[in-house]
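Structure at a glance
What follows is each chain in one-letter form.
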Amino acid sequence: MRLDHTAEDEEFRARLREWLAVVLPKLPAKPSPADWPGRRAYDAGWQRALYDAGYADVHWDATPTRRLIFLEETEKAGAPYVGANFVGLLHAGPTIAAEGTPEQRERWLGPILRGDEIWCQGFSEPDAGSDLAALRTRAVRDGDSYVVSGSKIWTSHAEVADWCELLVRTDPTAPKHRGISWLAMPMDAPGVTVRPLRTLAGSTEFAEVFLDEVRVPVSHRVGAENDGWRVTMVTLSFERGTAFVGEVVACRRTLGELARAARDNGRWDDPVLRRRLGRLSAEFTALWRLTQWNVSEAEREGGVPGAGGSVFKLRYSHARQELYEAAAEVLGPLSLSPDAGREWTADRLSSLSYTIAAGTSQIQQNIVAERILGLPKGR
């Protein structure tokens with residue numbers, strides 16, 4: 001792995017810092033968490049600003065070093081995250097770039113990069129659990145369209161999305177991993193119903209999506225019919241390999257905030273707590289190095305992350321939970337108070353989902369065992 005910073009890289013960093021210093025103070029106030037149209041407009045506006053400044057495609061076309069510099073600097077500056085645009089920018093977009101036809105790339109990649117169109121992910125189903133290949137949503141070929149019926153769950157930002165990266169079963173007689181196809185479904189198509197789900201933290205970024213004979217053009221299929229499982233592995237490699245990169249930087253910043261808070265409130269005198277924070281610092285430093293390795297590997301493999309993304313996802317999910325447990329220890333009752341100056345309670349509750357989101361920890365353990373350690377598949 002070589003991630004040396006050349007003079008051109010440092011020039012890129014300096015230009016980015018200068019641009020962030022100018023543009024961030026001019027951003028409008030963030031909308032209320034419950035204002036989904038406002039949140040979509042805010043996130044899309046930030047994406048458009050990145051596009052106009054030449055930074056929108058850094059996740060796709062930049063070198064590994066430039067990509068990590070971008071994530072470091074934007075996170076340190078407190079710039080907005082991709083927000084409602086994360087499925088399009090970090091999952092569907094890279095998948096279409098890697099697997100789509102020239103016409104599909106022309107149709108969808110530009111609007112994603114400009115923030116013009118928002119995507120959601122229709123993978124999980126109520127009866128499939130962690131066994132994604134057990135999905136039952138059917139797509140029956142009818143001329144130049146598929147007729148899709150079924151339901152999806154945990155569909156992030158579905159109520160504001162224009163498109164859905166959708167997994168469907170196109171051959172019910174084939175083995176479950178071989179009868180799946182990957183479709184781009186317009187969310188305004190007749191027969192699509194979205195029902196928001198309220199989380200433990202009170203937010204509604206997830207939804208159930210019901211599909212009643214929704215017609216999706218065959219031209220919206222990415223990859224060959226019944227080859228959707230392979231295409232899905234490309235999507236999930238991006239989701240697990242690079243989509244959490246910015247959050248590692250954010251966690252390192254949060255850890256620094258906790259250390260300062262512990263010094264201010266006297267908790268720093270506790271040697272057990274100091275060891276705990278020190279170990280977490282080592283954890284996130286190691287995760288950052290693993291991120292660098294994964295991004296370098298993706299560059300060598302044509303832009304698609306490998307199984308190392310599962311190693312990262314597995315350890316990061318648990319480290320994030322441990323970080324917010326430490327926050328509760330440092331801050332005490334203040335960690336539950338809205339007067340603490342930030343959403344500590346929401347962040348802690350959110351951290352509980354990370355061992356499930358983007359593939360459960362058990363799934364990641366299986367991937368590591370089979371694809372990295374070479375152990376036989378479980379029965």
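Below is a short write-up of the structure. Computed from a predicted model, the values in this text were never measured in an experiment. (Residues numbered from 1 in each chain as written. Predicted model: local features only at pLDDT ≥ 70, side-chain atom pairs only at ≥ 80, totals over all residues. Heavy atoms only, no water.)

Structural notes on the pattern of salt bridges
- One pass over the full model with this rule turns up 25 salt bridges.
- The closest approach of N and O atoms between aspartate 116 and arginine 114, which form a salt bridge, is 2.8 Å.
- Among the residues examined, aspartate 116 registers a relative accessible area of 39% and is labelled partly exposed.
- We note a salt bridge from glutamate 283 to arginine 279, for which the minimum N-O separation is 3.5 Å. Here glutamate 283 pairs with arginine 279, and both are found in helix H9 (residues 271-300), just four residues apart, close to one helical turn.
- Residue classification places glutamate 283 among the buried positions, given a relative accessible area of 17%.
- Each of Arg267, Asp270, Arg276, Glu325 and Glu329 takes part in one network of salt bridges that share partners. (Salt bridge = Lys/Arg side-chain N within 4 Å of Asp/Glu carboxyl O. Buried < 20%, exposed > 50% of the residue type's maximum accessible area, 1.4 Å probe, protein only. Helix = DSSP H or I, 4+ residues; strand = E, 2+ residues; numbered from the N terminus.)

Digging into the packing of aromatic side chains
- Scanning the entire structure with this criterion turns up eight aromatic pairs.
- Between tyrosine 55 and phenylalanine 70 the ring centres are 6.2 Å apart and the planes differ by 35°, which places this aromatic pair in the tilted class. Residue tyrosine 55 is located in the loop between helix H2 (36-53) and helix H3 (58-61), and its partner phenylalanine 70 is located in helix H4 (residues 64-76); the two are separated by 15 residues in the primary sequence. Each member of the pair tyrosine 55 and phenylalanine 70 is classed as buried.
- For the pair tryptophan 154 and phenylalanine 206, a centre-to-centre distance of 5.8 Å together with 85° between the ring planes defines the contact as edge-to-face. (Phe/Tyr/Trp six-rings, centres within 6.5 Å; stacked < 30°, edge-to-face > 60°.)

Re the side chain of glutamate 73
- With respect to the helices, strands and loops of the structure, glutamate 73 is situated in helix H4.
- Note on glutamate 73: relative accessible area 5%, which makes it buried.
- Ignoring any residue separated from it by four or fewer positions in sequence, one finds glutamate 73 in contact with Arg13, Leu16, Arg17 and Leu20. (Contact = heavy atoms within 4.5 Å.)

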